[in-house]
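# Architecture at a glance
Each chain, letter by letter, is given below.
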Amino acid sequence: MADRQQVMVISLLLAAICYISCARECVPAYGYQSCACYMEGVNNTKEYVNLLSLKGNSSTPRFTTKDDKGFYLSFSPCDEFSEFVGENNTGYVPCVNATVARWTKESTHRCESLGDEASGTFKSDAVISDLIKSNLTLNFKSAKTAHHSAVISLVCNDSLLQNETIFKYVGTQNIPTDTYYLSLTSLCCCPGKCGFPPVIPSTTAITPTATARTVSSVIPNTTAPAPTGAFYKLFPCLLTSVTQNK
């Protein structure tokens, strides 16, 4: 009985240690909120999960897969793309500046954004399940009500080369609206394996120094000036009155 209790205690301790180590917070890097984040390493070092190396060099989506209904799902790390813009055929629905999107290649092309670059957020406390394949996920949300979000599990595999990446469809949840679950397996999903993004200097507001102004006070002269000849030329009636009083 005592041995069983010891085994249970050890198992709980191992589970707690695993949870703490796996759930290290990944802090978004300044200027790369949906592109890179870092975890605290030993001796106050920073280990980056840096997706910048996976960024494409064209306007087409970087990675594409298909769901179980035949829809295409595309993802461009650290970038945005547009589909079917300027095509005025009836039924066409374009998407503009999407980082994650679902789209079709049917006679009436439709593209629905699942979120742009600004909407992406890292979460490092995800619980692994049938839909979540890593504790670290990248979450996107669109402003539209239908098919409005995507959750991408960032799966670390340090046996892959930097140019080897696996992008897969995992599943869909339809409550309350469609959320697409995807997985991205890459060396760059491992902390510290793909370097760190270039430093973007933070902008500091510069307040101009106000120039001191010295205001000189003028003391008014309270003594009334004596009337002049010009004054009496303007007012001859006063001159007559003064002469008579004399």
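Residues numbered from 1 in each chain as written. Predicted model: local features only at pLDDT ≥ 70, side-chain atom pairs only at ≥ 80, totals over all residues. Heavy atoms only, no water.

## Notes on the pattern of salt bridges
- What the rule picks out here adds up to 2 salt bridges.
- Linking Glu 112 and Arg 102 is a salt bridge whose minimum nitrogen-to-oxygen distance equals 3.0 Å. Highlighted residues: Glu 112 in strand E9 (residues 111-115) and Arg 102 in strand E8 (residues 100-103), separated in sequence by 10 residues. Each member of the pair, Glu 112 as well as Arg 102, is classed as buried.
- The salt bridge partner of Arg 110 is Glu 112, with a shortest N-O separation of 3.7 Å.
- Note on Arg 110: relative accessible area 38%, which makes it partly exposed.
- Of the residues examined, Glu 112 reaches a relative accessible area of 13% and is grouped as buried.
- Within the structure, one salt-bridge network assembled from shared partners comprises Arg 102, Arg 110 and Glu 112. (Salt bridge = Lys/Arg side-chain N within 4 Å of Asp/Glu carboxyl O. Helix = DSSP H or I, 4+ residues; strand = E, 2+ residues; numbered from the N terminus. Buried < 20%, exposed > 50% of the residue type's maximum accessible area, 1.4 Å probe, protein only.)

## What about the confidence of the model for the protein?
- Mean pLDDT over the protein works out to 78, with 69% of the residues at or above the 70 mark.
- Contacts for the low-pLDDT stretch residues 12-22, under 50 throughout, to residues beyond four places or in other chains number 2 contacts.
- Long-range and interchain partners of residues 230-246, a stretch whose pLDDT sits below 50, account for 5 contacts in this model, where long-range means more than four residues apart. (pLDDT = per-residue confidence, 0-100. Contact = heavy atoms within 4.5 Å.)

## What about the pairing of strand E5 (residues 72-75)?
- Residue alternation in E5 divides its side chains into two sets, Tyr 72 and Ser 74 and Leu 73 and Phe 75, and both sets are buried.
- Bridge analysis of strand E4 (residues 63-66) against E5 gives 4 bridges, and the strand direction is antiparallel. By the bridge assignment for E5, Thr 64 is matched with Ser 74.
- Of the strand pairs in this sheet, E5 and E8 are connected by 4 bridges, and their pairing is antiparallel. Directly across from Ser 74, in E8, lies its bridge partner Ala 101. (Pairing = 2+ DSSP bridges.)

## Brief notes about the side chain of Ser 186
- You can see Ser 186 is positioned in strand E14 (residues 179-186).
- When near neighbours in sequence (up to four residues on either side) are disregarded, Ser 186 contacts Leu 54, Val 155, Cys 156, Asn 157, Leu 160, Glu 164 and Thr 165.

## Looking at the sheet that holds E9
- The strand order across the open sheet built from 4 strands is E4-E5-E8-E9, with neighbouring strands paired in antiparallel fashion. Looking at the sheet topology across the chains shown, the edges are occupied by E4 and E9. Each strand axis lies, on average, 25° off the axis of its neighbour in the sheet, ignoring direction. (Axes fitted to C-alpha atoms, helices over the stretch in contact; angles between N-to-C directions.)

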